[in-house]
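Breakdown of the fold
Next come the chains, spelled out residue by residue.
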Amino acid sequence: MKGAITLERGGDGEVVALEGEVLRAVLSRAFAPGAPVGMTVDAGDETVPVSAKTIRSVKRDDGRFDVRLRLVNLRREHRAALERL
């Protein structure tokens, strides 16, 4: 699935939006503010490795979490792939 996220330490989710340096996602687990998050994102024709730090997590009615993440060390070609989602 395009935009699907696989978390390095277990869990999954999906990309909602990329807003400059902030990635908005719906994830299966929450993270404390400032916590590092490693993940891969299915960007269609490639898998993009992403490192980020959590800005905030808010629980949704469906039990998942709306998570805002600040991107860290994202390569130019990987950013372009995320922007195409």
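This report concerns the structure included in the present document. (Residues numbered from 1 in each chain as written. Predicted model: local features only at pLDDT ≥ 70, side-chain atom pairs only at ≥ 80, totals over all residues. Heavy atoms only, no water.)

Around the barrel, which closes on itself, the six strands sit in the order β1-β2-β3-β6-β5-β4 with antiparallel pairing between neighbours. Mean inter-strand twist for the sheet, computed between neighbouring axes without regard to direction, equals 45°. The pairing of strand β1 (residues 4-7) with strand β4 (residues 36-42) spans three bridges and is classified as antiparallel. Note on β4: the bridge partner recorded for Ile5 is Val41. (Pairing = 2+ DSSP bridges. Helix = DSSP H or I, 4+ residues; strand = E, 2+ residues; numbered from the N terminus. Axes fitted to C-alpha atoms, helices over the stretch in contact; angles between N-to-C directions.)

Our next topic: the pairing of strand β5 (residues 47-59). By the bridge criterion, seven bridges tie β4 to β5 in an arrangement that is antiparallel. Paired with Asp42 across the strands is Thr47, a residue of β5. Here β4 folds back onto β5, and the loop between the two strands holds four residues, one of which, Gly44, carries a positive phi near 90°. Bridging between β5 and strand β6 (residues 65-72) involves eight bridges; their strand directions are antiparallel. Paired with Val58 across the bridge in β6 is Asp66.

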